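Results of the structural survey
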Amino acid sequence: MKAIQVHNLGFFYKNVCVLDNVNADIETGKLTFILGKNGSGKSTFLRILAGLLPYQKGDIHILGNDNSKLNYTERSKIVGFLNQQHKAVFPFSVEEVVLTGRAGYVSYIPKEIDKQAAKLAIEKVGITHLANRNYTELSGGEQQLVMIARVLAQNPKVLLLDEPTSHLDFSNQAHLLSLLKKLANEGLTIVAVLHDPNLAFLYGDDFLFVRDKQVIRSATSADAWNVDFLKTIYHGNLEAIPYNGRALLVPYMN
Amino acid sequence: MVSLFIGPSQAASPGDILKSLFNFISGNQATTENYTLLKSVVFDVRLPRILLTFITGGALAVSGCSIQAIFRNPLTDPYILGLSSGAAFGAALAMAFAFIPVQLSAFIFGLLAVGLSYFMARKNKSISIVSLILSGIIVSGIFTALLTVIQYVSDPFKLQSIVHWTMGNLHNANWSKLQSSIIPIAIGVSVLIIYRWRMNVLAMGDDEARTAGINPDKDKLIILVAATLASTSAVAVAGIIGLYGLIIPHMVRMMIGPDNRQSIPLNFLFGGTFLLIIDNFSRTISGFEIPIGVFTMLLGAPFFIYLMKKTNIGWGN
């Protein structure tokens, strides 16, 4: 089953074509990673899916809904989105931050059911011990988990994440990706932009590559490990080092 | 309550007031010969002043808190958008040429200034804090320049009343001022109370608000209009009470934290009460009344610098 269907998508930023004639399908209940060079348009693609950027051509269906026809409230019940980095200004408690994820369900003041949903999301991410702490006092890794709890509190069917590991250390990266994997196994469709192909191949079910204004799917998962293919994606030198029956990708040094 | 008993009138000592209040409540006929004088001091001078001071302080604090939340910057307040200089110009214009009531003119020009700043800063349907503050500075500059022109051409007597107005003028409070300001303040503050949790959502950032299901541009505009309505009405009757809308939200946040569900109502109560306390000082500390705007500005400036050093939050974020 397809969770997201993108058909002939075209996106221009100030008359410059960023994505052209993009066709892509994303499977339900899988962890899909989007890879590509900096500036290739992978974050743009994700933000378009999230309804944050209006596109000029083509159409996108998310679980059968035309994405351009959904308003913010309707979309929030289907799609959750996590920005690359979140900067907090006021020292809200973790509970208060997670509760703001319920905005689509709340008319003006959250009710008991919303507080329960927030509490459940906090438990699901495994940060109950942080619930009463100030968000601003947490480490980067903890803050990212809080933001994931926040987006889970809105009960999305599809979760979109923009470089969720970019500000995290090694162990936090692994912790976060294992959590995403677990959520996907429970039936959530997850699409994440990721910088590091090694991490992506380690955790992902499916891979999309953004190159030359196009979104390409690797024909088989073996392709993902194909160095020649990856060289065309990253326009550069990289090599695969065999390691325990897998391969580690490293930038090639002259 | 205490404020009722304090004031420069020698004829009304706290004891006398208590006595007459007791008589009034217990239904006795006036026994003291100066009952009428007392009644006039308490009901026509002090009571409207107390109520006006309270709603003014409350309105400024709630508006300040809301504006800080929606622009995600704890160093903003309603005056930053040009409200105070617009209102001061409006008041001066009306005093110098007397074509419409001072209060109405201050109100109109206060709104006009905020409107100008807003539309100058608006781009692609959304609004950034940096451009808003810059256009606020420009608009303030224009109105301050125009105010100077009026002051320059005014006769000394009018000039004095203009200067008095800009320093905060709760001392000439009366029932009609209270009547004219209470409705717009009540409307503005009610809207802000209804939207108080939305401010938590908006404080997360625009993308975060959109993807969680609300339209931040629409909600910010509603909150900005309500905050402007409340604070401009307050400024129109009370003059410029400097930095008040900036400081009180901080004090409230220090007391109960940043959750606007609690802090918006508390800002109204605390903002009102605290301005009453300051006002009591300003009218009792010396033989003549020190303008309240001067008082809040002198208290507020060091506090603002302290906050700026402590929070590390620049205008850009």
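Located above this text is the structure these notes cover.
Attention here is on the structure that accompanies the text. Fair warning: this is a prediction, and the values are worked out from it, not measured in the lab. (Residues numbered from 1 in each chain as written. Chains lettered and ligands numbered in written order. Predicted model: local features only at pLDDT ≥ 70, side-chain atom pairs only at ≥ 80, totals over all residues.)

Along its length, chain B carries 13 helices and two strands. Here chain B holds 317 residues, and 49% of them are scored as buried. Sequence separation of at least 24 residues holds for 77% of the intrachain contacts in chain B that already meet a minimum separation of 6. (Helix = DSSP H or I, 4+ residues; strand = E, 2+ residues; numbered from the N terminus. Buried ≥ 20, exposed ≤ 12 C-beta atoms within 10 Å, placed from the backbone. Contact = placed C-beta atoms within 7 Å.)

Once that is clear, we can look at the sheet that holds strand β4 (residues 57-62) of chain A. All names here are of chain A. One open sheet accounts for four strands, arranged β2-β1-β4-β5; its pairing is antiparallel. Single-partner strands in this sheet number two, and they are β2 (16-27) and β5 (65-66). Relative to β2, strand β1 (residues 2-13) is paired through eight bridges, and the arrangement is antiparallel. Following the sheet pairing, Y13 is matched in β2 by V16. (Pairing = 2+ DSSP bridges.)

Okay, helix α5 (residues 140-153) of chain A next. Residue and element names in this part refer to chain A. Taking 1.5 Å of rise per residue, 14 residues should cover 20 Å, and α5 covers 20 Å from first to last C-alpha, within 8% of that figure. Most of α5 is tucked away, with eleven of its 14 residues classed as buried. Among all positions of α5, only Q143, Q144, L145, V146, M147, I148, A149, R150, V151, L152 and A153 are buried. The inward-facing, buried residues of α5 abut β6 (79-82), α3 (94-99), α4 (112-125), β7 (158-162) and α6 (170-185). (Expected span 1.5 Å × (residues − 1).)

Turning to the nonpolar core, a few remarks are in order. Across soluble globular proteins, nonpolar side chains show a tendency to be buried alongside one another. One finds V98(A), A149(A) and L160(A) to be the most contacted residues of the largest nonpolar core, which totals 160 residues. Looking at this core, you find at least three residues from each of domain 1 (2-78 + 156-251) and domain 2 (87-155) of chain A. (Core = buried A, V, L, I, M, F, W, Y, C linked by C-beta atoms within 7 Å. Domains from an automatic or database assignment.)

Next up on the list: the sheet that holds strand β10 (residues 214-217) of chain A. Either a parallel or an antiparallel arrangement is found when strands of a sheet pair, and the pairing is made through backbone hydrogen bonds. Residue and element names in this part refer to chain A. Overall, mixed pairing links the six strands, which are arranged β6-β7-β8-β3-β9-β10 in an open sheet. Both edges of this open sheet fall to β6 and β10, since each of them pairs with a single strand only. Pairwise comparison of adjacent strand axes, ignoring direction, gives a mean angle of 20° for this sheet. Note that β6 and β7 share four bridges and pair parallel. Its bridge partner lying in β7, F81 is registered against L160. Across the face of the sheet, α6 comes into contact with β3 (31-36) and β8 (189-193) while running at roughly 150° to β8. (Axes fitted to C-alpha atoms, helices over the stretch in contact; angles between N-to-C directions.)

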